[in-house]
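# Working through the structure, step by step
Listed below are the residues making up each chain.
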Amino acid sequence: VIEKQLEQSMHAALAGEPPLGFDPDDVVDRAARRHRQRRAFAVVAAMAGVVGLATATLLVAGGSDGAPTATAPDAVCETAPPGAHAPPEGFPGSDAIVARLRAAEPGLLAEHVPGTTFDPPEGVDMGAFDCPPFIAVSRYVSGGTGESLALQLTHRRDRLDLAGDPYADDLFHRLVGDKQAADGARIRVYREKSPLQPMLAVVRFGPDGMITEASVIAADARTITEDQLTALATDPELRFPLPR
Amino acid sequence: MRRSDENRFREFAREYAVPLRRSAFLLCGDWHTADDLVQTTLIKLHDAWPRISRRHQPVSYARKVLLRCWLDERRRPWRRAERRDGELPDDVTTGPAELHDAAGLRAELLQLLGVLPARQRAVLVLRYFEALSVGETAAALGCSEGTVKSQASRGLAVLRARLESTVRETS
């Protein structure tokens, strides 16, 4: 009897419920924006290695002609203007960086994640965004394992920026590793708190302001290891110079 | 996320935002927190959507995530500091008579549910509001069917005792 009473009371108690306090479409847009942002962070990080050589070249060239190479303001701009559904696309020099990364990416993945083949997602598989400058790469593991690899490279303007940690305020992830690398970078490892979504991310915070994130979300079993993600996140080819 | 996945997720969010909020309300007892919980749930679901939409029942998965979000929410220091004395954070105070009745019933129900430990409350909401089977409830909570049965039994016993006590006091 109490079961029936409880069931009826629960349904009756919802009579006159207020309207939803949010618009589901807005939430989806926000989630998509957050997702793109995080992926972009990871991509930028992975790309930093690929772009490393080009970056060094550009920096040397910039230094030699007296032009400032790091003139960007210290302030962090919004990732997207109010009302926009995505951050502005591209930043100065991003086309060339994306082209270099696109050429280098197969070799990088083969080197650091050997024996695994990847498929690009439908739509944009590699994109550059501004505010802050970042590049995102998204790949699915071939063969239906349900794994999704993201590389995100973000430039935080010439300073090691732990405040730019994409997971710092994320309640869903747990910091499981944090160490100082010989080159002055910090390497952090995050896992999803909930077992519902097996996820692993390695984030390198470079002394030059580059944040390189390599992450994998798996359906059930993850085949990509922490060591492989670390190798990607720390590969100097997955970095890029500060855009001028 | 593929565009087709994104569209399916959008449809899912539109269709299930209200049902999920109802469950959230019965869990947390506050419409504003229920709104927050559902938004957090949808944002969390978004990242996993390509995977869960192909390999799981999205609603079941959403329910699990909502439960986790609610339990996380309860662990926040400011939540722990709140008094759990059955006081309602918000309710309908004006309007048609039936809304007053619903408000009274809601207050009574939330007071009753409020005395239960989180897991017992979750079991009762899943079993008697969502009408899930023992097995489905166990899967949603990540526990055994035996635990669901014992938690439901204890929860119902507490509610029964409370109701009897209320009846005695009013008669």
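Here the structure is a predicted model, which is why all the values come from computation and not from measurement.

As a further point, take the overall build of chain B. A count of helical and extended segments in chain B gives eight helices and zero strands. Reading chain B from its N end, one meets helices and strands in the order α-α-α-α-α-α-α-α. Counting contacts in chain B only where the partners sit at least 6 residues apart, residues at least 24 apart contribute 63% of the total. Only carbon and sulfur atoms are counted for the fraction: they give 49% of the accessible area of chain B, which is about 8,400 Å².

Counting its regular elements, chain A contains five helices and eight strands. Split into buried and exposed, the 244 residues of chain A put 51% on the buried side. A separation threshold of at least 6 residues defines the contact pool for chain A, and within that pool the share at least 24 residues apart is 68%.

A few words on the packing of helix α4 (residues 94-112) of chain A against helix α5 (residues 226-233) of chain A. Residues and elements named next belong to chain A. Two elements in contact, α4 and α5, have axes separated by 9 Å at closest approach and are oriented at 145°. Both α4 and α5 take part in a crossing whose hand is right-handed. Across from Leu 108, Leu 109 and His 112 in α4, the residues of α5 making contact are Gln 228, Ala 231 and Leu 232. Across the contact of α4 with α5, the residue classes tally to four nonpolar, two polar and no charged.

All names here are of chain A. On the secondary structure map, Gly 177 appears in strand β5 (residues 173-180). Look at Gly 177 and you get buried, because its relative accessible area is 19%. When the C-alpha atoms of Gly 177 and Tyr 190 are compared, they prove to be 7.0 Å apart, with 13 residues separating the residues in sequence. Among residues more than four places away in sequence, those in contact with Gly 177 are Ile 187, Arg 188 and Val 189.

Another aspect to go through is the side chain of Arg 204 of chain A. Residues and elements named next belong to chain A. Along the polypeptide, Arg 204 turns up in strand β7 (residues 199-205). Of note is the side chain of Arg 204, whose polar atom sits 2.9 Å from the side chain of Asp 183. Residues in contact with Arg 204, not counting those within four places in the same chain, are Asp 183, Ala 185, Arg 186, Ile 187, Met 210, Ile 211, Thr 212, Ala 233, Thr 234 and Arg 239.

Attention now goes to the environment of Ser 53 of chain B. All names here are of chain B. With respect to the secondary-structure elements, Ser 53 resides in helix α2 (residues 31-55). Residue classification places Ser 53 among the partly exposed positions, given a relative accessible area of 22%. Taking the C-alpha atoms as reference points, Ser 53 and Phe 9, separated by 44 residues in sequence, lie 8.5 Å from one another. When residues no more than four places from it in sequence are discounted, the contact partners of Ser 53 are Asp 5 and Pro 58.

The next thing to look at is the pattern of salt bridges. Per the counting criterion, the structure on display carries 14 salt bridges over all chains. Among the salt bridges present, the one from Glu 7 of chain A reaches Lys 4 of chain A, with a minimum N-O distance of 3.8 Å. Here Lys 4 of chain A and Glu 7 of chain A lie together in helix α1 (residues 2-12), a separation of three residues that amounts to about one turn. The partly exposed category is assigned to Lys 4 of chain A, whose relative accessible area is 46%. The closest approach of N and O atoms between Arg 186 of chain A and Asp 178 of chain A, which form a salt bridge, is 3.0 Å. Classification of Asp 178 of chain A as partly exposed rests on a relative accessible area of 36%. Linked through salt bridges whose partners overlap, the residues forming this network are Glu 17 of chain A together with Arg 21, Arg 22 and Asp 35 of chain B.

Time to look at helix α1 (residues 3-28) of chain B. Along α1 of chain B, the helix axis deviates most sharply at Tyr 16 of chain B, where the bend reaches about 50°; the proline Pro 19 of chain B sits within four residues downstream. Phi for Gly 29 of chain B, located one or two positions after α1 of chain B, is positive at around 80°.

What follows covers the pairing of β7 of chain A. Residue and element names in this part refer to chain A. Most of β7 sits inside the fold, with seven of its seven residues counted as buried. Residues Met 199, Ala 201, Val 203 and Phe 205 point to one face of β7 and Leu 200, Val 202 and Arg 204 to the other, with burial holding for every one of them. Pairing of strand β6 (residues 186-192) with β7, which is carried by six bridges, proceeds in the antiparallel orientation. Looking at β7, one finds that Arg 186 is bridged to Phe 205. In this antiparallel pair of consecutive strands, β7 and strand β8 (residues 210-217), the connection spans four residues, and Gly 209 shows a positive phi of 95°.

Parameters and conventions
One numbering rule holds for all chains: residues counted from 1, following each sequence as written. Going through the entries in the order they are written, you letter the chains from A and number the ligands from 1. pLDDT decides what is reported in this predicted model: residues at 70 or higher carry local features, side-chain atom pairs at 80 or more are listed and counted, and totals for whole chains, interfaces and linings draw on all residues regardless. Only hydrogens and water are removed before side-chain values are computed, so all heavy atoms of the structure are retained for them. Note on conventions: DSSP H or I runs of at least 4 residues are helices, E runs of at least 2 residues are strands, and numbering of each starts at the N terminus. By definition in these notes, contact holds between two residues if any of their heavy atoms fall within 4.5 Å. Accessible surface area values rest on a Shrake-Rupley calculation with a 1.4 Å probe, where residue burial reflects the displayed protein chains alone. Relative accessibility thresholds used throughout: buried, under 20% of the residue-type maximum; exposed, over 50%; partly exposed, between the two (1.4 Å probe, protein chains only). A fitted line through C-alpha atoms serves as each axis, taken over the contacting stretch for helices, and the angle formed by two N-to-C directions is quoted from 0 to 180°. By definition, any crossing whose near helix is turned counterclockwise from its far helix by less than a right angle is left-handed, and any crossing with a clockwise turn is right-handed. Only Asp, Glu, Lys and Arg are considered charged, only Ala, Val, Leu, Ile, Met, Phe, Trp, Tyr, Cys and Pro nonpolar, and every remaining residue, Gly among them, polar. Here a polar contact is recorded for every N or O atom pair within 3.5 Å, except that within protein the pair must consist of a potential hydrogen donor and a potential acceptor, and residues adjacent in sequence are included only if both atoms are side-chain atoms. The salt bridge criterion pairs a side-chain nitrogen of Lys or Arg with a carboxyl oxygen of Asp or Glu, the two atoms within 4 Å. The angle between axes fitted to the seven residues ending at a residue and the seven residues starting there is what we call the bend at that residue. Two strands qualify as a pair provided DSSP detects at least 2 bridges between them.

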